[in-house]
Amino acid sequence: MAYAAAISLQNTLHHLLFSNRISLEDDVCSRNIILDLHSQLFSMGDVLRELDSFSFNTRCNFNRKRINLLDEQIRILLQEFEDVIESHISPQFLSQYSQQLCPLLFSLHLDDELKQDADSFIEKMVGLSDQLIEIKRLLALPYRNQITLYGMAGIGPKYRFERVLLDILKQVTHHEDFDDDDDDDKKKVLITESLDGLRRMVYQSLKGQRYFIVVDDVWDYNFLSYFKTLLTKEYTESKLVVTTRLKDMADGDFSYQISNDKCLIRFLNKKESWELLRHKVFDEMPCPNELEKAGKKIAENCEGLPLTIVKVAQILSESDKTAEYWNEVGADKRHSVYVDAYDRMYKVLYPSYDYLSQELKPIFLYMGVFPQNYEIPRSKLAKIWDVEGFCVGYQSPAKLDELDSSSLIMLHEIGFRKRIKTCSLYSPFWHLCNKEATKSKFFHALNSLADGLAEERLERHRRLCIRNNSLFAIKDVYDKMSSVSTVRSLLCTGPYHEYPVQVCFGFRLLRILDALTARFYEFPLEVVNLIQLLYLALTFEGKIPSSISRLWNLRYLIVRRHLSIVKSKGNSLYMPTEIWDMKELIHLQVTGSDLPHPRQESFLGNLYTVLDVGSQSCTRDVFERIPSLMKLGIRIEVGPADDVDEPFSCFDHISHLHNLQTLKCVIVNP
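Report follows, based on the coordinates.

Definitions and cut-offs
- Residues numbered from 1 in each chain as written.
- Predicted model: local features only at pLDDT ≥ 70, side-chain atom pairs only at ≥ 80, totals over all residues.
- Heavy atoms only, no water.
- Helix = DSSP H or I, 4+ residues; strand = E, 2+ residues; numbered from the N terminus.
- Contact = heavy atoms within 4.5 Å.
- Areas by Shrake-Rupley, 256 points an atom, 1.4 Å probe, with all protein chains shown as cover.
- Phe/Tyr/Trp six-rings, centres within 6.5 Å; stacked < 30°, edge-to-face > 60°.
- Buried < 20%, exposed > 50% of the residue type's maximum accessible area, 1.4 Å probe, protein only.
- Lys NZ or Arg CZ within 6 Å of the ring centre and 35° of its normal.
- Salt bridge = Lys/Arg side-chain N within 4 Å of Asp/Glu carboxyl O.
- Pairing = 2+ DSSP bridges.
- Axes fitted to C-alpha atoms, helices over the stretch in contact; angles between N-to-C directions.
- Patch = residues over 30% accessible without salt bridge, like charges linked within 9 Å, V, L, I, M, F, W, Y side chains within 5 Å.
- Parallel < 35°, antiparallel > 145°, perpendicular 65-115°, else oblique.
- Nonpolar A, V, L, I, M, F, W, Y, C, P; charged D, E, K, R; others polar.
- Arc of directions from axis to C-beta.
- Core = buried A, V, L, I, M, F, W, Y, C linked by side-chain atoms within 4.5 Å.

Scanning the protein chain from terminus to terminus reveals 23 helices and 17 strands. Within the protein chain, residue pairs in contact and separated by at least 24 positions form 60% of the contacts whose partners lie at least 6 positions apart. Total accessible area on the protein chain stands at roughly 31800 Å², and carbon and sulfur atoms take up 51% of it.

Structure follows, in structure tokens:
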């Protein structure tokens, strides 16, 4: 995942260059080196993005493997160098914090050893970029690619339009070059005839005839455009049937040449799923009564996907047909039967991932950190993708639409303006996602004790996904996790754990800490030492300490409460005044707490979202100091002794928020 690694390093360098809180100690040489690195990364990203179009259109399997191998080499190089840089500057941040609670300016020095590492890195990266450019040049050669690709039948992720034309010619003509199956003869036709020549040959061969052409698994968006020159309106009884996984291709407009009807292939319902499973396991024989209930549950667990049902049926056919075994399979969607089925589907599903663009691959993989079948809120994905640098928040709906267009995600809730509100991954793709994430070291998921003790799997991972918070309570697992110095993201995505556990806070390079599903009695003070944090989400009771301002990079602060207690006006809970010193804040959501009265110099110009604040936060003084606010969520709590009308005075000053787009109001204990 070279693209994701390049984005991460690029963000790190951008922060060093342009943060108004960092000074590079009058070192012009250091600054020039970082600028050069920053420029090289932009060039690398451009080359990676351009390769998408070339590798996608040529479908050359050999070149695709070569690109993927080079991608892995680049990823390792980028991540290793980012580790070197951050390991060098992080102690300097901590040292200056120990001298002053919250310095206004950090003075950083890049020593000679780091400069040598940077020079070496640039040399290696330039070499790898040259290799990528050479692959791009080879992919652009017209005839060489045709010879490389020759010999593959059909149309799919590895085939070209020219080969399809040859296959049609073979079936509708008696051309002498097609008297046998000799590939050399077909190669001669492919080389001697231009694409236009092949089109004319096919057109003449089809003219005046009725034909029925079926083309399976089309990936090239230009494919149907090519066919428009072959098919004419005068022969309305002729048909072209195309199957594709890409919705955008099905939505294409070809009406000026041929009529185009589309049909979305739906999922099987429960009855159809069971009928298919029963038929595949027992053929024409009846299903034993003692297996029918469990069998219907197994079929339901296949989520209406015919390929999953067929693969599961194959495995069941090879196993003992006992009620005990079938009940076991039906009771657990994570049973090895389903995992084995997903493994058998891997080759069929992999192209759906492999041919995603460089920008979409990390976005898709990130959805795999959540549990299987978990309904993921788009708002949460948008925040994390923004922090990772994969896309800014307003782009997230479009990115999800692209994944939906590739038939990769399941939609659950559609919101305003037909935007996706919640979604999840189909189970086979969730399995593929986790497999690819592990292979490319994009993230490591800890589901069980074995996952936490496997040191070789944890090594050099940048994102740890904890799906079982109880693992923190096991000393050996805790120690193994704490030893992984490269972790940038700690994501607790498993079920909510109502009893406090000791979460690992020793990752000094941590940028994302999402521990909403792990309960704390009070704010864990170790967190304020994680000064690289950009995203912090916790569940705890009590107040936020004033030392929170040490997290000067923080963009997202989200706090939830284990208990919801309605407070009276005299018992309001306020955030610390130091919250006004956190100039990078974009999103602030602290349930049950109000913004404090601002000081004269207080100003948060980057704050776009404030949620779950009480009416005491909605004053003119507060609103005038957050002028960029676009989304406001007010939580009105009415206690038994409160004046019912007073809380609603919060609306008196809304007019001072000139950029406000969304207002949400929740009344507690009305």
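Glancing now at the packing of aromatic side chains. This model, assessed by the stated rule, comprises 13 aromatic pairs. A centroid spacing of 5.8 Å and a plane angle of 90° characterise the contact between Tyr-366 and Phe-442, whose relative ring orientation is edge-to-face. Here Tyr-366 is found in helix α16 (residues 360–366), whereas its partner Phe-442 is found in the loop between α19 (427–439) and β8 (444–446), with 76 residues between them in sequence. Taken as a pair, Tyr-366 and Phe-442 share a single burial class, namely buried. Taking 6.3 Å as the distance between ring centres and 65° as the angle between the ring planes, the aromatic pair formed by Phe-442 and Phe-443 counts as edge-to-face. A relative accessible area of 2% places Phe-442 in the buried class. What links up through ring pairs into an aromatic cluster is the set Tyr-346, Tyr-350, Tyr-353 and Phe-364. Sitting above the plane of the Phe-442 ring, Arg-463 keeps its charged end 4.2 Å from the centroid. Between the NZ or CZ atom of Arg-561 and the centre of the ring of Phe-540, over which it lies, the distance is 5.2 Å.

Another aspect to go through is the pattern of salt bridges. Pairing is possible between side chains that carry opposite charge, provided their charged atoms lie close to one another. Applying the stated rule across the entire model yields 27 salt bridges. The residue Glu-292 makes a salt bridge to Lys-296 at a minimum N-O spacing of 3.3 Å. Note that Glu-292 and Lys-296 are positioned in helix α12 (residues 289–301) at a spacing of 4 residues, about one turn of the helix. One salt bridge in this structure joins Glu-624 and Arg-620, with 2.8 Å as the shortest N-O distance. Look at Glu-624 and you get partly exposed, because its relative accessible area is 36%. We classify Arg-620 as partly exposed; its relative accessible area is 45%.

Here 10 strands make up an open sheet; going across it, the order is β8-β9-β10-β11-β12-β13-β14-β15-β16-β17 and the pairing parallel. The strands lining the two open edges of the sheet, one partner per strand, are β8 and β17 (662–668). Strand-to-strand twist across the sheet, computed as the mean angle between neighbouring axes with direction ignored, equals 15°. Judged from the 3 bridges that link them, strand β10 (residues 489–492) and strand β11 (residues 512–520) form a sheet pairing that is parallel. Among the inter-strand pairings, Leu-490 is bridged to a residue of β11, identified as Leu-513.

So, about the sheet that holds strand β7 (residues 420–425). Pairing within the open sheet is antiparallel, and its 3 strands lie in the order β5-β7-β6. Only two strands of the sheet have a single partner each, and these edge strands are β5 (376–377) and β6 (409–414).

Take a nonpolar patch on the surface next. A cluster of nonpolar side chains, contributed by Phe-648, Phe-651, Leu-663 and Ile-667, occupies part of the molecular surface with about 310 Å² of accessible area. Mapped onto the secondary structure, Leu-663 falls in strand β17.

The N-to-C vectors of helix α17 (residues 378–388) and helix α18 (residues 396–405) enclose an angle of 110°; their axes lie 10 Å apart at closest approach. Taken together, the axes of α17 and α18 are roughly perpendicular relative to one another. Judged by residue contacts, Arg-378, Leu-381, Ala-382 and Trp-385 of α17 engage Ser-396, Pro-397, Lys-399 and Leu-400 from α18. Here the residues of the contact of α17 with α18 are counted per class, giving 5 nonpolar, 1 polar and 2 charged.

Residues other than glycine seldom take positive phi values, yet Ser-407 does so here, at roughly 60°. Here Ser-407 shows up in the loop between α18 and β6. For Asp-612, which is not glycine, the phi torsion reads 65° and is therefore positive. If you trace the backbone, Asp-612 turns up in strand β15 (residues 609–613). Residue Asp-612 is classed as partly exposed on the basis of its relative accessible area of 23%.

Turning next to helix α22 (residues 475–482). By the burial criterion, the buried members of α22 are Val-477, Tyr-478 and Met-481. The arc that holds every buried residue of α22, seen down its axis, measures 100°, which confines them to one face. Those residues of α22 that are buried are in contact with β8, α20 (449–453) and β9 (463–466).

As a further point, take the nonpolar core. Formed by 105 residues in total, the largest nonpolar core has its most connected members in Leu-277, Phe-364, Met-367 and Leu-403. In terms of residues, this core owes the most to one element, helix α1 (residues 2–18), which gives 10 residues. Non-local contacts of Leu-403, meaning those with residues more than four positions away in its chain, are made with Leu-356, Leu-360, Ile-363, Phe-364, Met-367, Leu-408 and Ile-409. Judged by nonpolar contacts, the second largest core, of 61 residues, contains Leu-471, Val-501, Leu-538 and Met-575.

Right, let's get into the environment of Arg-334. Locating Arg-334 in the fold gives a position in the loop between α14 (323–331) and α15 (336–354). Of the residues examined, Arg-334 reaches a relative accessible area of 64% and is grouped as exposed. Taking the C-alpha atoms as reference points, Arg-334 and Gln-372, separated by 38 residues in sequence, lie 8.7 Å from one another. Look past the residues within four positions of Arg-334 in its chain and what remains in contact with it is Val-339 and Gln-372.

Moving on, we get to the environment of Ile-414. Tracing the sequence through the fold places Ile-414 in strand β6. Among all residues touching Ile-414, those that are not within four sequence positions of it are Arg-419, Ile-420 and Lys-421.

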